[in-house]
Amino acid sequence: MSQQRMQGQPMIILGEDSQRMKDKDAQSHNISAARAVAESVRSTLGPKGMDKMLVDSLGDVTVTNDGVTILTEMDIDNPTAEMIVEVAEAQEDEAGDGTTTAVAIAGELLKNAEDLLEQDIHPTSIIRGFNLASKRAKEEIGEIATSVDPSDEEILEKVAETSMTGKGAELNKDVLVGLVVDAIQAVTVEADDGSHVPDLQFLNIQTQTGRSVSDSELLTGGTIDKDAVHSDMPSTVEDAEVLLLDTPIEVEETETDAQLNLDSPDQLQDFIEQEEQRLQEMVQTIADAGANVVFCQKGIDDMAQHYLAKEGILAVRRVKKSDIEFVSEVLETNIVSDIDSVSSDDVASGSVRRDEDDDMFYVEGSGHGATLILRGSTDHVVDELERGINDALDVVASTVADGRVLAGGGATEVELAGRVRDYADSVEGREQLAVEAFADSLELVPRVLAENAGLDSIDTLVDLRAAHEDGDEHAGLNVYSGDVVDTFEAGVVEPAHAKEQAVSSASEAANLVMKIDDIIAAGDLSTSGGEEEGAGGPGGAGGMGGMGGGMGGMM
């Protein structure tokens, strides 16, 4: 409870259960919570990064080293920590990869900001300095970046391979890298202004267990993971005339409970015959439209199945909405909602073939679309493979759209740090210290890469700085040999857009956390569950300490 005295009488502002933390206590608490999240994913960074096993409340297990997956799956119960999770989500949405880098840099920015706060530098000066440094860093990325041709498959394969390295996809990267690049090129269209735009909504990903990852393949078209409704129907139709339905091929039932009073068996027979006639008419309408394949999102009556089989029509029911929408793009046709209005205009030409090994139909047409079938031995293998492939697809798409790449292995971060430090000399006031702190934070990436590879991070950083001072912009760490090499020549290549977004996201998150100087909560903020509220008094940090403890315990 918080009180103020007015004319000798206490005035109650906050309720009895509320808690409040102010100034340095609030800043220290927020920074600790945010850093705890950042440090939880640091060990996953790079080719030698480790995996995390996440077990949810239902006992479902996820094994991954994908930063955004780890952070979103963790049971985080802390408002500040959730801000850092949002950084990862924003990075994933915008760039598709680099989430661990963005979160780790945000944590390091806050660590260095805490040192500045202890020197009595005001948060607004630090925030201003970080903003200046972030803006300068993004400009320098533009200077450092190398332009690439969107059709340069060699560079695109290097980008995909760099993204996959250290993830579940790495073991079979020779096969998967080619599939990723082919998949992006299959869904890339040239815009009116001459730019290349990969449209990932035209790329479908299917997973299959029980086979080797090296058996993964890219198909032109879509897939329907269902069986034909009748054994007499054909399994493959080369000259397919396909009709897509989102309405059932059934006689509509009454909406309300109804009773049918029959006086004789003949009336029952008439009633059944009328239903059969209606179903026959529906099938005849489909046949008259020229369709010989029907994919239906809803159900198909048993009698209708019989009539469809007699007409030689391949029919599949209960098709997933997402699959039928994707096939509509592949075939460049509409999904029909009223069978009675079906005409030849609603039927699209293509080919439909059954793959007995995968138990699914492959659908090809004149439209835009491709399907990447990922195979693996178990569900856990396939799930992690899919996460790695999705990141690789995103970074290759980003490279095609943006047309710029950077050297990886920490090379870009060390080069940026040096340039931002040089820029700090021109910044006046206390903001200069914040700009230098920003530069130091960028060097976290090569330090963590070295740590995760079992190398000495200080020696590595010294060697990298020396190489960059000698003018080698592409000098980065080879985590396998421990040597400083030209990582661009070595094929360790990253998209410039993802790096820009990581620097921007990290800076904005750190500034958001630092700008908070007062935490007012309506109830007990402790997430550890065992703390009593009164430990520090109503206005103190007793209950809040439990929140930090709960966070630490969770990590």
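See the structure printed just above.
How each quantity is defined
Residues numbered from 1 in each chain as written. Predicted model: local features only at pLDDT ≥ 70, side-chain atom pairs only at ≥ 80, totals over all residues. Heavy atoms only, no water. Helix = DSSP H or I, 4+ residues; strand = E, 2+ residues; numbered from the N terminus. Buried < 20%, exposed > 50% of the residue type's maximum accessible area, 1.4 Å probe, protein only. Contact = heavy atoms within 4.5 Å. Areas by Shrake-Rupley, 256 points an atom, 1.4 Å probe, with all protein chains shown as cover. Axes fitted to C-alpha atoms, helices over the stretch in contact; angles between N-to-C directions. Parallel < 35°, antiparallel > 145°, perpendicular 65-115°, else oblique. Left-handed = near helix turned anticlockwise from the far one by under 90°. Nonpolar A, V, L, I, M, F, W, Y, C, P; charged D, E, K, R; others polar. Expected span 1.5 Å × (residues − 1). Phe/Tyr/Trp six-rings, centres within 6.5 Å; stacked < 30°, edge-to-face > 60°. Core = buried A, V, L, I, M, F, W, Y, C linked by side-chain atoms within 4.5 Å. Patch = residues over 30% accessible without salt bridge, like charges linked within 9 Å, V, L, I, M, F, W, Y side chains within 5 Å. Salt bridge = Lys/Arg side-chain N within 4 Å of Asp/Glu carboxyl O.

### Some details on the overall build of the chain
Phase 1 of the analysis: Counting its secondary structure elements, the chain contains 17 helices and 23 strands.
Phase 2 of the analysis: In the chain, which comprises 555 residues, the proportion classed as buried is 49%.
Phase 3 of the analysis: A sequence separation of at least 24 residues applies to 75% of the contacts in the chain between residues at least 6 apart.
Phase 4 of the analysis: Put simply, the chain shows about 25,800 Å² of open surface, and 42% of that area lies on carbon and sulfur atoms.

### Description of the packing of helix 5 (residues 123-144) against helix 12 (residues 411-424)
Phase 1 of the analysis: Two elements in contact, helix 5 and helix 12, have axes separated by 10 Å at closest approach and are oriented at 125°. As far as their axial angle goes, helix 12 and helix 5 are oblique. Crossing of helix 5 against helix 12: the hand is right-handed. Facing Leu 132, Ala 133, Arg 136, Ala 137, Glu 140, Ile 141, Glu 143 and Ile 144 of helix 5, the residues of helix 12 in contact are Glu 415, Leu 416, Arg 419, Val 420 and Tyr 423.
Phase 2 of the analysis: Along the lines of polarity and charge, the residues of the contact of helix 5 with helix 12 split into eight nonpolar, no polar and five charged.

### Observations concerning helix 12
Phase 1 of the analysis: Between its first and last C-alpha atoms helix 12 spans 20 Å; for 14 residues at 1.5 Å apiece the expected length is 20 Å, and the two agree.
Phase 2 of the analysis: Counting buried positions along helix 12 gives eleven out of 14 residues, so the element sits mostly inside the fold.
Phase 3 of the analysis: Along helix 12, the positions that sit buried rather than exposed are Ala 411, Thr 412, Glu 413, Val 414, Glu 415, Leu 416, Ala 417, Arg 419, Val 420, Tyr 423 and Ala 424.

### Topic: the packing of helix 4 (residues 99-118) against helix 5
Phase 1 of the analysis: Axis separation between helix 4 and helix 5 bottoms out at 10 Å; the angle between their running directions is 140°. Regarding the angle of helix 4 to helix 5, the classification is oblique. In the crossing of helix 4 with helix 5, the sense of the turn from one axis to the other is right-handed. Contacts between helix 4 and helix 5 pair Leu 109, Ala 113, Leu 116 and Leu 117 from the former with Pro 123, Ile 126 and Phe 130 from the latter.
Phase 2 of the analysis: Grouping the constituent residues of the contact of helix 4 with helix 5 by class yields seven nonpolar, no polar and no charged.

### Some words on the packing of aromatic side chains
Phase 1 of the analysis: The full count for this structure, using the stated rule, is one aromatic pair.
Phase 2 of the analysis: Here Phe 130 and Phe 438 contribute two aromatic rings whose centre-to-centre distance is 5.9 Å and whose plane-to-plane angle is 65°, an arrangement assigned as edge-to-face. Separated by 308 residues along the polypeptide, Phe 130 in helix 5 and Phe 438 in helix 13 (residues 431-442) bring together distant segments of the chain. Of the two residues, Phe 130 and Phe 438, both sit in the buried class.

### Describing the side chain of Thr 69
Phase 1 of the analysis: Here Thr 69 shows up in helix 2 (residues 67-73).
Phase 2 of the analysis: Judged by its relative accessible area of 12%, Thr 69 is buried.
Phase 3 of the analysis: Discounting chain neighbours no more than four positions away, the residues touching Thr 69 are Leu 54, Thr 62, Thr 64 and Arg 387.

### Thoughts on the nonpolar core
Nonpolar side chains tend toward joint burial in soluble globular proteins.
Phase 1 of the analysis: Leu 71, Ile 126, Phe 130 and Phe 438 are the most contacted members of the largest nonpolar core, which has 65 residues in total.
Phase 2 of the analysis: For Ile 126, the contacting residues outside a window of four places in its chain are Ala 113, Leu 116, Leu 117, Ile 121, Ala 434 and Met 514.
Phase 3 of the analysis: If you look at the next biggest cluster of nonpolar residues, it comprises 41 residues, including Val 229, Ala 291, Ala 309 and Ala 315.

### Side note on a nonpolar patch on the surface
Phase 1 of the analysis: Taken together, the side chains of Met 53, Val 55 and Val 61 present a nonpolar region at the surface, about 280 Å² in accessible area.
Phase 2 of the analysis: By secondary structure assignment, the location of Met 53 is in strand 4 (residues 52-55).
Phase 3 of the analysis: The exposed category is assigned to Met 53, whose relative accessible area is 60%.

### Here's the deal with unusual backbone geometry
Phase 1 of the analysis: A positive phi angle is found at Asp 120, which is not glycine, with a value near 65°.
Phase 2 of the analysis: Structurally, Asp 120 is set in the loop between helix 4 and helix 5.
Phase 3 of the analysis: One non-glycine residue with positive phi stands out, namely Glu 332, at about 55°.
Phase 4 of the analysis: With respect to the helices and strands, Glu 332 occurs in the loop between helix 10 (321-331) and strand 15 (335-336).

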